[in-house]
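A look at the structure
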Amino acid sequence: MLKLYSYWRSTAAYRVRIALNLKRVAYQMIPVHLVKDGGEQHKPAYRQKNPQGLVPLLDDNGQLISQSMAICEYLDETHAGPELLPTEPFLKAQVRSLCQAIACDIHPLNNLRVLQYLKGELEVSDNAKNDWYQHWIQQGFRAVEKQLANFATESSFAFGNEPTLADAFIVAQVYNARRFNISLDEYPRLVAIEQHCLTLDAFKDAQPESQPDAV
Ligand SMILES: N[C@@H](CCC(=O)N[C@@H](CS)C(=O)NCC(=O)O)C(=O)O
C-alpha cells in the first residue's frame, strides 16, 4: 500500500491527500510532526528519506517521491479514475500554471521554516512576520483570482467541469490563509471554489482537522 508522510496542517500534504482521495487510492498515512521536539522532519531517519526535510513524501513500495506536484502527477499517471490534469493541452497548461503560482510563488514564502527564520535568526517582531505573511499571500491571491476571472467558465471548479489539481491546490492554500486570519473579501472566486469543493467527500476527508494526527 502507498505510504504518505504527512502533517495534518501541512498545506502541501493537504494537496496530496485531496489528490489521493479524488483518485480513490487507499494509503497509509505516516505522521511527521513538524513542530514537536524541533520538528521530526529534521531527524536523520526522515532526512535520509527526504533530504529536503519537508512533507509530503510518497513511498510507493520503496520508491520515494517528494514535492506535492510531482506526487500528484505521479498518482494521476499511475492510477485509473478521474483525471487530475485534463488531457486537452491548453486546459492542462492552465491547471499547471495555477498550481505552480501557488506551489512555487505563494507557498514557499510563507512556509514554516521561512517564518521560523524570520522570527529566529532575523529577530523580526510578530507584527513584521505577520505583515510579511499577508503581503505575499495577498499579492499571490490577487493574481490567481484575476487568472481565474480571465478564464470565463460557468463551472464551480477552477477549470472545466470536474475537480483538478488546481482545485486541490486552491483549497489547501485558502485553508492556510484562513488559519492566518487573512481577509478573503477580495477573492470571491477562490472562496466559491473552496466552498464548493468542500461539499465533496474527497476534499472533506482530506481536511487538516479530520486527520488522525490533528491535535
Ligand atoms: N514545494 C514543496 C513544499 C513542501 C513544504 O514546504 N512542506 C512544509 C509543510 S507545508 C514543510 O514540510 N515544512 C517543514 C519546515 O518548514 O521545516 C511541496 O510542494 O511539496
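Above: the structure in question.
Let me sum up the structure you'll find in this document. (Residues numbered from 1 in each chain as written. Predicted model: local features only at pLDDT ≥ 70, side-chain atom pairs only at ≥ 80, totals over all residues. Heavy atoms only, no water.)

A word on the nonpolar core
The line we're drawing: Take the buried Ala, Val, Leu, Ile, Met, Phe, Trp, Tyr and Cys residues and link them wherever side-chain atoms come within 4.5 Å; each set so joined is a nonpolar core. Think of it in three bands: with a 1.4 Å probe and only protein chains considered, a residue is buried below 20% of the maximum accessible area for its type, exposed above 50%, and partly exposed in between. Two residues qualify as a contact provided that any one of their heavy atoms is within 4.5 Å of a heavy atom in the partner residue.
Grouped together as the largest cluster of nonpolar side chains are 64 residues, with contacts concentrated most on Phe141, Leu148, Phe159, Leu165, Phe169 and Ile170. Setting aside anything within four residues of it in sequence, one finds Phe159 in contact with Leu91, Gln94, Val95, Leu98, Gln147, Leu148, Phe151, Thr164 and Ala166.

Describing the site of the ligand
To keep it simple, the criterion reads: Proximity criterion: a residue is near a molecule or strand once any of its heavy atoms comes within 4 Å of it. For this analysis, a polar contact is any N or O atom pair within 3.5 Å, provided that within protein one partner can donate a hydrogen and the other can accept it, and provided that sequence-adjacent residues contribute only side-chain to side-chain pairs. Areas reported as accessible are Shrake-Rupley estimates using a 1.4 Å probe. Residue values count occlusion only from the protein chains shown. Think of it this way: any DSSP run of H or I at least four residues long counts as a helix, any run of E at least two long counts as a strand, and we number them from the N terminus. Residue polarity follows a fixed list, in which Ala, Val, Leu, Ile, Met, Phe, Trp, Tyr, Cys and Pro are nonpolar, Asp, Glu, Lys and Arg are charged, and the others, Gly among them, are polar.
Lining the immediate surroundings of the ligand are 16 residues, of which Gln41, Val55, Gln67, Ser68 and Asn111 lie closest. Taking Ser68, its side chain carries an N or O atom lying 2.6 Å from an oxygen atom of the ligand. Contact with the protein chains removes 93% of the 510 Å² of surface that the ligand exposes when unbound. For the shell around the ligand, the elements supplying multiple residues, two or more each, are helix H1 (11-22) and helix H5 (112-119). Of all the elements, H1 adds the most residues to the shell around the ligand, at three residues. Of the residues that constitute the shell around the ligand, the class distribution is six nonpolar, eight polar and two charged.

Some points on the packing of aromatic side chains
Stated formally: In this scheme Phe, Tyr and Trp rings, the latter by its six-membered ring, pair at centre separations within 6.5 Å, and the angle between planes marks the pair as stacked below 30 degrees, edge-to-face above 60, and tilted otherwise.
Per the counting criterion, the structure on display carries seven aromatic pairs. Between Phe151 and Phe159, the ring centres sit 4.9 Å apart and the planes meet at 80 degrees, which makes this aromatic pair edge-to-face. Both residues of the pair, Phe151 and Phe159, belong to the buried class.

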